[in-house]
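Per-entry structural report
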Amino acid sequence: MNQATFLATLLDEACEPFRRSGKFAYYYARGKLSSDCIFRELLRQGIFPARGHYLDLGCGQGSLFSWLLAARKLYEQGQWPSDWPAAPEPLTLRGVELMATDVNRALGRFGPEHPVVDIRQGDMCEVDFGKADVITILDALHYFDHARQEEVLRRIYAALPPGGLFLTRIGDAGAGLPYHIANWVDHVVTFMRGHRLPQLYCRPLSEWVALLSRLGFTVRTLPMSEGKPFANVMLICRVPS
Ligand SMILES: C[S@@+](CC[C@H](N)C(=O)[O-])C[C@H]1O[C@@H](n2cnc3c(N)ncnc32)[C@H](O)[C@@H]1O
């Protein structure tokens, strides 16, 4: 199977179950998972550990979890690119999302047949994180102010074991026009998803890296806007072993 055919199969597998949550959930998942390179790159580059407990903060309708479950299923069926690392095996998938509409779409998608998935409504600035091997925040850190960002990052560090992974994506506020285009799109998409226009609290990439390093993480950065005129950067942050 060539990569394009495989990605189409993976997309179908990840998106079909969202039909249970309605047309919006289904088409939103298709649009997001097919056009955003981060989902493919997380698997292709083998960023996640072989097995682990996950916590996704600001998880929306659970698109990342759907992608991971679909990937693991195809891997176990032997439908997997020979030059990609094994699909990660998620042991538990916990999600926290502020908006009830998104949580309801997630609950419709996952249902009781997925006991490893637990998505709840909550504010990541307030909920207890418990313990996890992998914590993700995709495009959600900039919705609250700098002091609360730092506190959330501090608590993430404390919730991870030595060697644990915090993976996030931010918009580089030092990048000029691509950063402003991404913010404009962010406003439009947020509004389309039924939320009011947010105030955004961004930082230049160098400031994110300095903050995360000061908190104890080792940080690797990768540009993550392929095909879009944005300034998005993935931050792969590890608690030293
Ligand atoms: C741009 S969306 C990204 C959703 C998801 N991470 C994804 O990649 O599909 C940002 C999400 O973060 C959520 N969010 C923002 N602030 C939050 C907070 N304080 N606690 C929990 N979720 C939050 C928003 O409601 C929204 O669903």
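See the structure shown above.
Here we summarise the structure given alongside this text.

Parameters and conventions
- Here, residues in each chain are numbered from 1, in the same order as that chain's written sequence.
- Local features in this predicted model are restricted to residues of pLDDT 70 or higher, and side-chain atom pairs are both shown and tallied only at a pLDDT of 80 or more, whereas totals for entire chains, interfaces and linings draw on every residue.
- Only hydrogens and water are removed before side-chain values are computed, so all heavy atoms of the structure are retained for them.
- By convention a nonpolar core is built from buried Ala, Val, Leu, Ile, Met, Phe, Trp, Tyr and Cys residues, the set being connected through side-chain atoms within 4.5 Å.
- The buried label goes to any residue with under 20% of its type's maximum accessible area, the exposed label to any with over 50%, and the partly exposed label to all in between, with areas taken from a 1.4 Å probe on protein chains only.
- Secondary structure is summarised from DSSP: a helix means a run of H or I of at least four residues, a strand means a run of E of at least two, and numbering begins at the N terminus for each.
- By definition in these notes, contact holds between two residues if any of their heavy atoms fall within 4.5 Å.
- Note: two strands are recorded as paired if DSSP finds a minimum of 2 bridges between them.
- Under this scheme, a helix contributes an axis fitted over its contacting stretch, all axes are lines through C-alpha atoms, and angles between N-to-C directions fall in the 0 to 180 degree range.
- Every angle not falling under 35 degrees, over 145, or within 65 to 115 is termed oblique; those three ranges are roughly parallel, roughly antiparallel and roughly perpendicular.
- The hand of a helix crossing depends on one turn: near helix anticlockwise from the far one by less than a right angle means left-handed, and clockwise means right-handed.
- Each residue gets one label: Ala, Val, Leu, Ile, Met, Phe, Trp, Tyr, Cys and Pro are nonpolar, Asp, Glu, Lys and Arg are charged, and the others, such as Gly, are polar.
- The criterion for a residue being near a molecule or strand is simple. One of its heavy atoms has to lie within 4 Å of it.
- In protein, a polar contact requires one atom able to donate a hydrogen and another able to accept it; more generally it is a pair of N or O atoms within 3.5 Å, and residues adjacent in sequence count only if both atoms are side-chain atoms.
- Per-residue and other accessible areas follow the Shrake-Rupley method at a 1.4 Å probe size, with only the shown protein chains counted as cover for residues.
- Two rings from Phe, Tyr or Trp (for Trp, the six-membered ring) form a pair when their centres sit within 6.5 Å of each other. Planes less than 30 degrees apart are called stacked, planes more than 60 degrees apart edge-to-face, and all others tilted.
- Placement of a positive charge over a ring is assigned whenever Lys NZ or Arg CZ falls within 6 Å of the ring centre and within 35 degrees of the normal to the ring plane.

1. So, the nonpolar core
L10, L42, L43, F65, L167 and M234 are the most contacted members of the largest nonpolar core, which has 43 residues in total. At eight residues, helix α4 (residues 63-76) tops the list of elements feeding residues into this core. Not counting chain neighbours up to four residues away, the residues in contact with F65 comprise Y54, D56, L93, R94, G95, F110, V117 and I119. Of all hydrophobic cores here, the second largest spans 29 residues; its members include C125, A132, L212 and C237.

2. Some remarks on the sheet that holds strand β5 (residues 165-171)
Strand order in this open sheet of seven strands is β3-β2-β1-β4-β5-β7-β6, and the pairing throughout is mixed. Edge positions in the open sheet fall to β3 (117-121) and β6 (218-223), since each of these has one partner strand only. Across the sheet, the mean angle from the axis of one strand to that of its neighbour is 20 degrees, orientation sign disregarded. Across seven bridges, strand β1 (residues 51-57) lies against strand β2 (residues 89-97) in parallel orientation. Counterpart to H53 in the pairing with β2 is T92.

3. What to know about the packing of helix α6 (residues 146-159) against helix α8 (residues 205-215)
Where α6 meets α8, the axes come as close as 10 Å, and the angle between the chain directions of the two elements is 45 degrees. Considered as vectors, α6 and α8 are oriented oblique to each other. For the pair α6 and α8, the sense of crossing is right-handed. Residue-level inspection shows H146, Q149, E150, L153, R154 and Y157 of α6 in contact with α8, the latter providing E207, W208, L211, L212, R214 and L215. Among the residues making up the contact of α6 with α8, the classes are represented as six nonpolar, two polar and four charged.

4. Side note on the site of the ligand
In the vicinity of the ligand lie 17 residues, with G58, E97, D123, M124 and L138 positioned nearest. A distance of 2.6 Å separates an oxygen atom of the ligand from a polar side-chain atom of E97. D123 is positioned such that a nitrogen or oxygen atom in its side chain is 2.8 Å from a nitrogen atom of the ligand. In isolation the ligand has 590 Å² of accessible area, and contact with the protein removes 92% of it. Tallied by class, residues from the shell around the ligand come to eight nonpolar, three polar and six charged.

5. Notes on unusual backbone geometry
Unusually for a residue other than glycine, D139 sits at a positive phi of about 60 degrees. With respect to the element layout, D139 can be found in the loop between β4 (134-138) and α6.

6. A short note on the packing of aromatic side chains
Evaluation of the coordinates by the stated rule reveals ten aromatic pairs. Taken together, a centroid distance of 5.2 Å and an interplanar angle of 85 degrees make the contact between F6 and W80 edge-to-face. Taken together, the residues F6 in helix α1 (residues 3-15) and W80 in the loop between α4 and β2 connect sequence positions 74 residues apart. Here F6 matches W80 in class, with each residue buried. With 6.2 Å between their ring centres and 65 degrees between their planes, F39 and W67 make a pair best called edge-to-face. Of this pair, F39 sits in helix α3 (residues 37-44) while W67 sits in helix α4, and the two are 28 residues apart along the sequence. Under the relative-accessibility criterion, F39 is labelled buried at 3%. Three or more aromatic residues joined by ring pairs form one cluster here, namely F6, Y75, W80 and W84. Taking NZ or CZ as reference, R203 lies 5.0 Å from the ring centre of W208, over its face.

Keep in mind these numbers describe shape, not what the thing actually does.
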